[in-house]
Amino acid sequence: MRILVVEDDADAATAMVRGLTEAGHEVTHAVDGAFGLLEAQKGGYDVYVVDRMMPRLDGIGMVETLRKDGDQTPVLFLSALGEVEDRVTGLKAGADDYLVKPYAFSELIARVEALSRRRETGSVATMLKVGDLEMNLIARTVHRAGQEIDLQPREFQLLEFLMRHAGQSVTRTMLLEKVWEYHFDPQTNVIDVHISRLRAKIDKGFDKAMLQTVRGAGYRLEA
Amino acid sequence: MRLPSILRRTPFRLTLLFLALFAAAASAILGYVYVASASEARARAETAVRSELESLTGIYKERGVDALNRALVDRALNDSPYLYLLMDAEGSVITGSLNASPISDYAEGEQWITYPYTDTDPEGRVTRPQARGVQVRLASGEMLFVARSMGDTEAYLARLTQALWAAMGIVLLLGLAGGLLVSRDLERSMGRLNKVVTAVQEGDLKARAPVRNSGDELDELGLGLNVMLDRLEGSMASIRHAGDAIAHDLRSPLTRMRAKLEVALIDAEAGRIDGVDALQVALDEADTLLKTFNTVLAIARLQAAAGAGRTPDPTLFDAADLAADMAELYEPASEDKGLEFSAEIERGLMIEANRPFLAQALANIIDNAIKYTPTGGAVMLRARRRSSGEIEFSVTDTGPGVPEGDRGRVIERFVRLDNSRTEPGSGLGLSLVGAVMEAHGGRIQLDEGPGAYGGFGPGLRVALVLPPAANA
């Protein structure tokens, strides 16, 4: 994936470029919104990772300009401002996701990868298929190797999210945000319990465990 | 040049202003009285002179100039208040109490004049009071001048003027003295307030304005100042307490992290372990620290919002949905621990609140209930509308509960009861809940739970009570 990182803090930028490169992505770094805009206009990027507060042109201004120009590349906002209204302003400006600093690296990578995938699966699919696991979005049924799996509504949503991001790490925070639609710290890892229940339903009795725990990051559904 | 301080004070300046206004008013009154009295005196003298003139011309018309002459002499000898002069056609004096006519350029008809004449007062001093007189030509060519003194009026006006000046003098003196007294009194009172302000500026938050309970504005100002200082001192104390607590609370995870890193360094150098594990531990500790910081910040923000009497980013939503989501989210974790989890949620609990913060508050109390209730116990979430219309969320558990004396304390920052220290936690969970309630105009209530339950108990019931949405 080609990623444009727009960040004025040199240390943060270095760490980010290094981490994303390690994860197998091609990363370009711009030091502020104005340079970021110039670089973005060259085209060819899959995701923009944009710091919200920068000199010259800030993240909001940069993303608004890009969206006005018709650039629909997914944007992940990074910000030290974590209040609800800040998140809302960021998303309104055209960002697709919002990550509050400081963040765990695994969280950043998971979110960046989720964003790029989102674009690919933008079309209206009625069936999701990962390995021998099949999900019918209309009938709301799930089969593995032809065997029907009975899921609770929330388990269905959870599995749908995992299937849409199959092969990628998804973090607990992402799951709480995207599946439950809550932005708060659940203290104990309540998400883990939901995952283990889902795992018991889709993996039990099958040779291959699809729902895997990624150490220090979260979970990944593997074909 | 600087004036003595008292002369620069507002009350003294006001006194001077009022005195100046008074002097101006007195002068105006004096002027008016003078003008009015003078014209009145003139009019009176004129009327008298005219009737005397008519009487004299009557004598002349009936009996001729000699009779007039006799009448004049007669009247002059009889202490008449009038001054007379009879002259021949050329102006030479025939008879009268004057040496010459004050009208030197007499032509024809009635000619009036106001002039000073020479007189002596009872003590024999020469005075020059004003007189009003008229000169006419008689049919036979002689000229007659009749005048009357306006001296009485003059004396009256002189006395009046004198009296007014004296009054003004007294008023000025008293006013000045009063102004000085009021200024001094006010300066003392203000001085006391200023002293408090200066003391506070210099860092003494315990300084308070003396209050006399007189109910005047200065007393009110003093009272207001004291209330403000009480609140300031309270929040300073709470900030200091929080600061101390944060420093204290951050020290233990920092110390722990440092120790682990040190051990890891030694082990890694000796080739005994993989550095990755140690780094992971360090990262976890750093995350804990960050969480603590974030929670403290959130509490501060909520309390600031509560202080300003508003809720941050409120939205209108059904609290029943929120409660159901929380029940659904926490039920598996609760059952995994071997707790009976149940939820009773009334429908249609519209509320205007900050959804993420309220979710966090609810999550915190459910999480606490699950954390502190031993396996085999029960946790129950309830959401309902009270008969008062308020929305109530309550979480009841069958854990050890919180002794009555500690229930107020557990909401304070970083307070962890002795029996909870073995559990992970920052001691900020309930503080955050309390702050969320405060920012929503709600409250948190801690009560005893259902009592003994399967060998545990008495349990704890935590209720969050919120006002319903205004238009729901």
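Residues numbered from 1 in each chain as written. Chains lettered and ligands numbered in written order. Predicted model: local features only at pLDDT ≥ 70, side-chain atom pairs only at ≥ 80, totals over all residues. Heavy atoms only, no water.

### Examining the overall build of chain B
If you tally the helices and strands in chain B, you get 7 helices and 14 strands. For chain B, the proportion of its 472 residues judged to be buried stands at 39%. Long-range pairs, those at least 24 residues apart, make up 64% of the contacts in chain B between residues at least 6 apart in sequence. Entry remark: accessible area of chain B is about 25900 Å², with carbon and sulfur atoms responsible for 57%. (Helix = DSSP H or I, 4+ residues; strand = E, 2+ residues; numbered from the N terminus. Buried < 20%, exposed > 50% of the residue type's maximum accessible area, 1.4 Å probe, protein only. Contact = heavy atoms within 4.5 Å. Areas by Shrake-Rupley, 256 points an atom, 1.4 Å probe, with all protein chains shown as cover.)

### Structural notes on empty space enclosed by the protein
Residue and element names in this part refer to chain B. Following the criterion strictly, the structure yields 1 cavity of 30 Å³ or more and no others. Its boundaries defined by the atoms lining it, the largest cavity holds a volume of some 70 Å³. Every residue along the wall of the largest cavity is listed here: S189, R192, L193, P210, R212, L218, D219 and G222. In terms of residue class, the lining of the largest cavity is built from 3 nonpolar, 2 polar and 3 charged. (1 Å grid on protein atoms, 1.4 Å probe; cavity = no way out; pocket = protein on both sides within 12 Å on 5 of 7 lines; lining within 4 Å. Points joined across faces, edges and corners; volume = space filled by probe spheres on them. Nonpolar A, V, L, I, M, F, W, Y, C, P; charged D, E, K, R; others polar.)

### Topic: helix α1 (residues 10-77) of chain B
All names here are of chain B. A rise of 1.5 Å per residue sets the reference length of α1, with its 68 residues, at 100 Å; its end C-alpha atoms lie only 67 Å apart and thus fall more than 12% short of the reference. The principal kink in α1, of about 135 degrees, is found at R63. Positive backbone phi, approximately 60 degrees, marks D79, located one or two places after α1. (Expected span 1.5 Å × (residues − 1). Bend = angle between axes of the 7 residues up to and from the residue.)

### What about the sheet that holds strand β2 (residues 26-30) of chain A?
Residues and elements named next belong to chain A. Spatial strand order, β2-β1-β3-β4-β5: 5 strands in an open sheet with parallel pairing. Only two strands of the sheet have a single partner each, and these edge strands are β2 and β5 (97-100). Across the sheet, the axes of successive neighbouring strands diverge by a mean angle of 20 degrees, strand direction being ignored. Taken together, the 4 bridges between strand β4 (residues 75-79) and β5 define a ladder with parallel strand orientation. For L76, the partnering residue across the bridge sits in β5 and is D97. Lying on the sheet, helix α2 (residues 33-42) is in contact with β1 (2-6), β2 and β3 (47-51); it crosses β1 at an angle near 160 degrees. (Pairing = 2+ DSSP bridges. Axes fitted to C-alpha atoms, helices over the stretch in contact; angles between N-to-C directions.)

### What about the interface of chain A and chain B?
Counting residues at the interface gives 21 residues for chain A and 27 residues for chain B. Together, the buried faces of chain A and chain B total about 2200 Å²; carbon and sulfur atoms form 52% of this surface. If you sort the residues of chain A by the area they bury against chain B, Y182(A), F184(A) and Q187(A) come out on top, with a joint share of 27%. Summed over the shared surface of chain A and chain B, the result is 4 salt bridges. Ionic pairing is found between E335(B) and R197(A), a salt bridge with its closest N-O pair at 3.6 Å. Elements that contribute at least two residues to the side of chain A that touches chain B include exactly α4 (84-92), α7 (172-180) and α8 (190-203) of chain A. (Buried area = accessible area lost by both parts, 1.4 Å probe. Salt bridge = Lys/Arg side-chain N within 4 Å of Asp/Glu carboxyl O.)

### What to know about the packing of aromatic side chains
Residue and element names in this part refer to chain A. Scanning the entire structure with this criterion turns up 5 aromatic pairs over all chains. Measuring from ring centre to ring centre gives 6.1 Å for F77 and Y98, while their planes differ by 70 degrees; the resulting arrangement is edge-to-face. In this pair, F77 sits in strand β4 while Y98 sits in strand β5, placing the two residues 21 residues apart along the sequence. Residues F77 and Y98 agree in their burial class; the two are buried. (Phe/Tyr/Trp six-rings, centres within 6.5 Å; stacked < 30°, edge-to-face > 60°.)

### Thoughts on helix α6 (residues 355-372) of chain B
All names here are of chain B. For α6, spanning 18 residues, the distance from its first C-alpha to its last is 26 Å, which sits close to the expected 26 Å at 1.5 Å a residue. Within α6, 15 of the 18 residues are buried, leaving the element largely enclosed by the surrounding structure. Between a side-chain oxygen at the N-terminus of α6 and the backbone nitrogen of F357 the separation is 2.9 Å; the capping residue is N354. (Polar contact = N/O pair within 3.5 Å; in protein donor to acceptor, adjacent residues only side chain to side chain.)

### Some words on the UniProt feature "modified residue: 4-aspartylphosphate" (unreviewed entry) in chain A
Residues and elements named next belong to chain A. As annotated by UniProt and renumbered to match this structure, "modified residue: 4-aspartylphosphate" (unreviewed entry) occupies D51. With respect to the element layout, D51 can be found in strand β3. Judged by relative accessible area, D51 falls into the buried class, the value being 5%. Excluding residues that lie within four positions of it along the chain, D51 makes contacts with V6, E7, D8, G59, F77, L78 and K101. (UniProt positions renumbered as here; feature names shortened; annotations may be inferred.)

### Thoughts on the nonpolar core
Grouped together as the largest cluster of nonpolar side chains are 87 residues, with contacts concentrated most on L159(A), L221(A), M326(B), L358(B) and F393(B). Other than its neighbours up to four places away in sequence, L358(B) contacts F317(B), L322(B), I351(B), A353(B), F393(B), V436(B), M437(B) and L466(B). (Core = buried A, V, L, I, M, F, W, Y, C linked by side-chain atoms within 4.5 Å.)

### Things to note about the confidence of the model for chain A
Overall, the prediction assigns chain A a mean pLDDT of 87, with 95% of residues at 70 or greater. Per-element mean pLDDT across chain A ranges from 78 in α4(A) up to 93 in β1(A). (pLDDT = per-residue confidence, 0-100.)

### Digging into unusual backbone geometry
Unlike most non-glycine residues, R56(A) shows phi in positive territory, near 65 degrees. Phi at D313(B) is positive, roughly 40 degrees, even though this residue is not glycine. Residue position: D313(B) is located in the loop between α4 (275-307) and β8 (315-318).

### Quick notes on the packing of α6(B) against helix α7 (residues 429-439) of chain B
All names here are of chain B. At a closest axis distance of 9 Å, the pairing of α6 and α7 adopts a crossing angle of 145 degrees. Considering the relative orientation of α6 and α7, their crossing is left-handed. Residue-level contacts link F357, L358, Q360, A361, N364, I365 and N368 of α6 to G429, L430, L432, V433, V436 and M437 of α7. (Left-handed = near helix turned anticlockwise from the far one by under 90°.)

### Thoughts on the sheet that holds strand β11 (residues 378-385) of chain B
Hydrogen bonding along the main chain pairs the strands of a sheet, whether they run parallel or antiparallel. Residues and elements named next belong to chain B. Taken in spatial order, the 5 strands of this open sheet run β9-β11-β12-β14-β13, and their pairing is mixed. This sheet does not close on itself; its edge strands, each paired only once, are β9 (340-345) and β13 (443-448). Within this sheet the neighbouring strands show an average axis-to-axis angle of 10 degrees, counted without direction. Across 7 bridges, β11 lies against strand β12 (residues 391-397) in antiparallel orientation. Residue pairing for β12: R385 is matched across the bridge by I391. Seen against the sheet, helix α5 (residues 319-336) touches β9, β11 and β12 and runs at an angle of roughly 175 degrees to β9.

### So, the pairing of strand β6 (residues 130-137) of chain B
All names here are of chain B. Burial within β6 is extensive, with 6 of its 8 residues counted as buried. Sheet topology note: the strand β3 (residues 111-116)/β6 ladder contains 6 bridges and is antiparallel. From the neighbouring strand, Q111 faces β6, where its bridge partner is Q135. In the sheet, β6 pairs with strand β7 (residues 143-149) via 7 bridges, with the strands oriented antiparallel. Residue pairing for β7: Q135 is matched across the bridge by F145. Where β6 folds back onto β7 in an antiparallel hairpin, the turn is made up of 5 residues, including G141, whose phi is positive at roughly 105 degrees.

### Points about a positive patch on the surface
Residue and element names in this part refer to chain B. Taken together, the side chains of R184, R188, R192 and K195 define a basic patch exposed on the protein surface. Within the fold, K195 resides in helix α2 (residues 151-201). Owing to a relative accessible area of 63%, K195 belongs among the exposed residues under this scheme. (Patch = residues over 30% accessible without salt bridge, like charges linked within 9 Å, V, L, I, M, F, W, Y side chains within 5 Å. Lys, Arg positive; Asp, Glu negative; His and termini not counted. Charge placed at Lys NZ, Arg CZ, Asp CG, Glu CD.)

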